[in-house]
Amino acid sequence: QTVPDPRLVCPPVRVEDDRTGLNIETLKRAFLDNLFYIQGKFPDIATQNDYYMALAYTVRDRLLKRWLKTAQTYTEQGSRTVCYLSAEFLLGPHLGKNLINLGIYDDVQQAMEELGLDLETLLEQEEEPGLGNGGLGRLAACYLDSMATLEIPSIGYGIRYEYGIFEQDIRDGWQIERSDKWLRSGYPWEVPRPEWSVPVKIGGHTEQYTDERGRFRVRWVPHHVVMGVPHDTPLLGYQVNTANTLRLWRAEAAESFDFDAFNSGDYVGAVHEKMVSENISKVLYPNDNISQGKELRLLQQIFFVSCSLQDMIRIMEGQKIPLEKFHEKFVVQMNDTHPAIAVAELMRLLIDDHCMTWDQAWGITTRTFAYTNHTLLPEALERWPIALFKKLLPRHLELIYEINQRFLDDVRIRYPEQPQMLSQMSIIDESGERYVRMAHLACVGSMAINGVAALHTELLKQGVLHDFYEMYPKKFNNKTNGVTPRRFMVLSNPRLSRAITERIGPNWVKHLDELKKLESYVDDPNFRQEFRQIKFDIKQELATYIQQNYGVAINPNSLFDIQAKRIHEYKRQHLNALYIVTLYNRIKANPNIEITPRTFLFGGKAAPGYYTAKLIIKLINAIGDVVNRDPDVRDRLKVLFLKDYSVKFAQRIYPAADLSEQISTAGKEASGTGNMKFAMNGALTIGTLDGANIEIREEVGEENFFLFGMTADEVYARKAQGYNPYDYYQSNSELKLAIDRIASGFFSHGDRKLFQPLLDTLMHRDDYMLFADYQAYIDCQDYVGQVFQDVDRWTRMTILNVARMGKFSSDRAIRDYCEDFWKISPVPIEIEEYSPEAI
Ligand code: CBF
């Protein structure tokens, strides 16, 4: 062991100065300092964005001490670490969350006020890193928050897309996409680490050779090499000193300039390779639950996976841990199959670069990885054409063939009389054009496989992954999703959070089960009154926002019925639309009919190439245009599509909802997490027995949940019987009227063709069985309307929903992962002067 040069040993972290101090005066001084020295502005010419940046740097400074101390502690202790590999992290804005987690939200608000600034306005300035599509990416972000809060050593690894999820605009009712330039005004939360860049090989061919010790080896001669440059973001836990790392990779050309081409006059050619390489991290694929099979996407996957695994090896080398202990040092969680190439890449690194034998490498690999499946939808299951694999990843293909051959030998032994099992389970799909099945690779290479809600895991075991379940039953387990209450309650709904803390104390923020204590306040008139008032005020704020931004007046006393999520046929936004048309038809037939006033709000993005989803957006807007201005409706119904749904906007929407629409066809939504966020904020759910809805209903009580529709088993049975949606259309007069009104061009300025593709699909195929569930949904919605009129009953139901949501904290989910198969315990980080305060 060499003794470090004393001049190079870091001094202990200093306490309470302008970069670390948390009192109001210090915060103000630090803020003005950053405005001057980082933004280069005097206060009188600074923009709101300058102020936001100065504040962000002030907060970042306070994270850095904790972050460096965390890294130092993990290094010293050689801590076992979770590496969460995800192609998406939908982080949402950092500033507010960091203020909450540092426990300085109110002080910073006051500091800003004393400087004549409004914290809310500054928070609004932040461009969120939209590096994900929806539930899967947001789940990854919630899990990183929980891991830091629970003091679990972890690194999130992903891609630093230059353009995240597109910005959505609505023009003439249609979705328009605009590129998301989230980095345009600067991103203060990250620290680039070019010194830890790593090379990633692409293309080329392999060669066999014998090394100096006479061993048979394979060498991969790539067509070219791309560099991955890490950009780190510290992620602080809630009122702890732990700040873990999110490490996102940016692609860079290995050589920025081809001098030969330049010198021979080919100026454009000289930067060609640079452009091609940098394209890898240029843009997030905007598809949720759809795999398009594009070459660039496969490049993105190998790029971030290879960078991340090489980084883990570098960390081990730095900590002088022998590589044989890789699986003891790291557990690598694969967020869906997007990182599943990691199984082959780790084998390659261990065998080709680190001279391990096959058996040694396979032993390590299969004790390192775990795989979370997030969907049953066939169109989302990833498979890559062999030809593409061979072109981009020739060495990986060889390794996959070898993994497959050995795996199929096991299958043969296990099922000697069932040769069909070989083709069914093979990692290579040979039924037509040959493909690599990524889910099969993930299952074979992992020690644990989980679904994300109880039903989903059961359906995986019975369906898509049934053969693997039979072969490896012990690998399978369920981990119902959860969400972080710090962002989705404390930050997004401060008034409700304060009201809760006043009753039951502050511990619920870290131990969400404690919300149970609220049950004893369910009959307390003061609490009920305050609970109602909070909801009303938030609805009124949203109404003002809508008036200002959409020019539509909505009634804050009406029932706010909200469906906010990606637009997808299986999520059935169009079933919701059919109810709106049904209500409208009833009003037209009898303008004096008694109905509960409702405001229907929708939000969500459609994949740019998903025509039907875009047509559903158009339909909602078209219905809104007519309903919102029909005098017969007399403001009893309002329909609005709120554009550019994002994490920031979601935080505003959840607290304003009375009713949360979770109406997917049973068996299609793996879990859902919006369902949890709405319910935590006191919305009641109308939903099917799908995904985590089932568990939410179990927790909150069936009398506090509006259930309708077929079960997953009934869906399969109805399909097997031969489902004919047209029969429903003909036999249900309200359904027929609704469809006919849309078909007549009533909502489309007389254009009968516009919605015909959507209606034809419904009437003749209806893959997602809207018609079969229509009547149950209508009846249930009518019942919701009645219950809403009974204010006491409704309030009671909403309080009980909040009180019983403890299970759905991402802290619970992370604890389950830790105990079950990550086998990781907390590593507390000591920083002397920090004393956590209650919120
Ligand atoms: O598990 C997180 C979420 O992932 C999805 O969004 C996905 O992209 N596969 C699912 O559709 C959700 O049901 C699930 O909650």
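Criteria and thresholds
- Residues numbered from 1 in each chain as written.
- Predicted model: local features only at pLDDT ≥ 70, side-chain atom pairs only at ≥ 80, totals over all residues.
- Heavy atoms only, no water.
- Domains from an automatic or database assignment.
- Contact = heavy atoms within 4.5 Å.
- Buried area = accessible area lost by both parts, 1.4 Å probe.
- Salt bridge = Lys/Arg side-chain N within 4 Å of Asp/Glu carboxyl O.
- Axes fitted to C-alpha atoms, helices over the stretch in contact; angles between N-to-C directions.
- Helix = DSSP H or I, 4+ residues; strand = E, 2+ residues; numbered from the N terminus.
- Parallel < 35°, antiparallel > 145°, perpendicular 65-115°, else oblique.
- Nonpolar A, V, L, I, M, F, W, Y, C, P; charged D, E, K, R; others polar.
- Core = buried A, V, L, I, M, F, W, Y, C linked by side-chain atoms within 4.5 Å.
- Buried < 20%, exposed > 50% of the residue type's maximum accessible area, 1.4 Å probe, protein only.
- Pairing = 2+ DSSP bridges.
- Disulfide = S-S within 2.5 Å.
- Near = heavy atom within 4 Å.
- Areas by Shrake-Rupley, 256 points an atom, 1.4 Å probe, with all protein chains shown as cover.
- 1 Å grid on protein atoms, 1.4 Å probe; cavity = no way out; pocket = protein on both sides within 12 Å on 5 of 7 lines; lining within 4 Å.
- Points joined across faces, edges and corners; volume = space filled by probe spheres on them.
- Phe/Tyr/Trp six-rings, centres within 6.5 Å; stacked < 30°, edge-to-face > 60°.
- Left-handed = near helix turned anticlockwise from the far one by under 90°.
- Expected span 1.5 Å × (residues − 1).

Asker: Can you lay out the domain arrangement of the protein for me, pointing to particular residues and giving the numbers?
Answerer: In terms of domain boundaries, the protein breaks down into domain 1 (10-77 + 94-127), domain 2 (81-90 + 133-200 + 228-478) and domain 3 (505-808). Its C-alpha centre places domain 2 at a distance of 35 Å from the equivalent point of domain 3. Of the residues lining the interface, 36 residues belong to domain 2; the matching set on domain 3 comes to 38 residues. Here domain 2 packs against domain 3, burying approximately 2,900 Å² in sum over the two surfaces, 61% of which is carbon and sulfur. When the buried area of domain 2 at its contact with domain 3 is split by residue, Gln168, Trp174 and Leu455 rank highest and sum to 21% of it. At the boundary of domain 2 with domain 3, the tally comes to three salt bridges. A salt bridge links Lys643 to Asp169; the nearest nitrogen and oxygen atoms lie 3.4 Å apart.

Asker: Would you mind going over the packing of helix α22 (residues 525-550) against helix α33 (residues 791-803) in detail, with residue names and values included?
Answerer: Axis separation between α22 and α33 bottoms out at 10 Å; the angle between their running directions is 85 degrees. The angle between α22 and α33 falls in the class roughly perpendicular. Between α22 and α33, the contacting residues are Phe527, Arg528, Phe531 and Arg532 on the first element and Val791, Asp792, Thr795, Arg796, Thr798, Ile799 and Val802 on the second. Of the residues in the contact of α22 with α33, the class split is five nonpolar, two polar and four charged.

Asker: Just give me the short version of the nonpolar core, but keep the residues and values in it.
Answerer: In this structure, Phe326, Phe389 and Trp822 are the most contacted members of the largest nonpolar core, which totals 206 residues. Take this core: its biggest share by element is twelve residues, from helix α10 (residues 295-318). Beyond its immediate chain neighbours, meaning those up to four positions away, Phe389 contacts Leu298, Ile341, Trp384, Pro394, His396, Leu397, Ile400, Val436 and Met438. Ile620, Ala712, Ile742 and Tyr774 belong to the second-largest nonpolar core, a separate cluster that totals 72 residues.

Asker: Before we move on, could you go through the pairing of strand β5 (residues 167-171) and cite the residues and values that matter?
Answerer: Sheet analysis places β5 next to strand β6 (residues 174-178), joined by five bridges and oriented antiparallel. Each residue of the ladder has a partner; that of Ile170, found in β6, is Gln175. Once β5 ends, the chain turns through two residues before running back antiparallel as β6, passing Asp172 with a positive phi of about 55 degrees.

Asker: Break down the state of the cysteines for me, with residues and values.
Answerer: Counted under the stated rule, the structure contains zero disulfides. There is no disulfide at Cys818, and the cysteine sulfur nearest it, in Cys83, is 13 Å away.

Asker: Outline the pattern of salt bridges, supporting the account with residue identities and numerical values.
Answerer: Summed over all chains, the structure comprises 60 salt bridges. Lys461 serves as the salt-bridge partner of Glu458, at 3.2 Å between the closest nitrogen and oxygen. Residue Glu458 and its partner Lys461 are located together in helix α18 (residues 454-462), separated by three residues, close to a single helical turn. The partly exposed category is assigned to Glu458, whose relative accessible area is 37%. Lys461 gets classed as buried once you look at its relative accessible area, which sits at 15%. Lys588 serves as the salt-bridge partner of Asp632, at 2.9 Å between the closest nitrogen and oxygen. Residue Asp632 is located in the loop between α24 (611-627) and β22 (637-642), and its partner Lys588 is located in helix α23 (residues 573-589); the two are separated by 44 residues in the primary sequence.

Asker: Account for unusual backbone geometry, naming residues and giving values.
Answerer: Unusually for a residue other than glycine, Asn289 sits at a positive phi of about 65 degrees. Here Asn289 lies in the loop between α9 (272-278) and α10. Residue Asn289 is classed as buried on the basis of its relative accessible area of 19%. In this structure, Arg572 takes a positive phi of about 65 degrees despite not being glycine. Inspection of the secondary structure puts Arg572 in the loop between β20 (559-564) and α23. Residue classification places Arg572 among the buried positions, given a relative accessible area of 0%.

Asker: Run through the site of the ligand, naming residues and quoting values.
Answerer: Around the ligand, the surrounding shell holds 14 residues, and the nearest of these are Asn289, His374, Asn481, Glu669 and Gly672. When the ligand sits alone it has 350 Å² of accessible area, and the protein chains cover 96% of it. Here the shell around the ligand is composed, by residue class, of five nonpolar, seven polar and two charged. If you count residues domain by domain, the shell around the ligand takes at least three from each of domain 2 (81-90 + 133-200 + 228-478) and domain 3 (505-808).

Asker: Lay out empty space enclosed by the protein with the relevant residues and their values.
Answerer: Counted by the stated rule, this structure contains seven cavities of 30 Å³ or more. Roughly 90 Å³ of volume is contained in the largest cavity. With four residues, helix α6 (residues 135-149) is the largest single contributor of residues to the lining of the largest cavity. Of the residues that constitute the lining of the largest cavity, the class distribution is four nonpolar, one polar and four charged. The volume enclosed by the second largest cavity comes to roughly 60 Å³. The element best represented in the lining of the second largest cavity is α22, accounting for four residues. Residue composition of the lining of the second largest cavity, grouped by class: five nonpolar, three polar and one charged.

Asker: Can you tell me about the packing of aromatic side chains, naming the residues and giving the values?
Answerer: In the structure shown here, the tally under the stated rule is 28 aromatic pairs. Ring centres of Phe407 and Phe468 lie 6.0 Å apart, and the angle between their planes is 10 degrees; this geometry places the pair in the stacked category. Separated by 61 residues along the polypeptide, Phe407 in helix α15 (residues 394-414) and Phe468 in helix α19 (residues 466-471) bring together distant segments of the chain. Judged by relative accessible area, which is 3%, Phe407 ranks as buried. For Phe468, a relative accessible area of 2% puts it in the buried group. Where Tyr584 meets Phe746, the ring centres are 6.0 Å apart and the plane angle is 50 degrees; that geometry is what we call tilted.

Asker: If you had to explain the sheet that holds strand β23 (residues 659-662) to someone new, which residues and values would you point to?
Answerer: Strand order in the open sheet made by the six strands is β22-β21-β20-β23-β24-β25, with parallel pairing throughout. Whereas interior strands pair on both sides, the edge strands pair on one side only; in this sheet they are β22 and β25 (706-707). Contacting β20, β21 (598-603) and β22, α22 runs over the sheet at an angle of about 70 degrees to β22. Packed on one face of the sheet, α33 meets β23, β24 (684-687) and β25 and runs near 90 degrees to β24.

Asker: Give a description of the packing of helix α1 (residues 24-37) against helix α4 (residues 105-114) that names residues and reports values.
Answerer: In helix packing, the relevant descriptors are the interaxial angle and the interaxial distance, both defined with respect to the helix axes. Interaxial distance between α1 and α4 falls to 9 Å at its minimum, and their mutual angle equals 60 degrees. Relative to α4, the element α1 is oriented oblique. Of the two possible hands of crossing, α1 and α4 adopt the one that is right-handed. Each of Ile24, Glu25, Leu27, Lys28 and Phe31 in α1 lies in contact with α4, whose residues at this interface are Asp107, Val108, Gln110, Ala111, Met112 and Glu114. Tallied by class, the residues present in the contact of α1 with α4 amount to six nonpolar, one polar and four charged.

Asker: Describe the environment of Leu689, naming the residues involved and giving the relevant values.
Answerer: Here Leu689 lies in the loop between β24 and α27 (693-700). Discounting residues that sit within four places of it in the chain, Leu689 has contacts with Leu455, Ala666, Ile694, Arg697, Leu707, Phe708 and Thr711.

Asker: Give me the lowdown on helix α2 (residues 48-77), citing residues and values where you can.
Answerer: If you check α2, its first and last C-alpha atoms are 43 Å apart, about what 30 residues at 1.5 Å a residue would give, namely 44 Å. Summarising burial for α2: 21 of the 30 residues are buried, a large majority. Just past α2, the residue Gly78 takes up positive phi, approximately 55 degrees.

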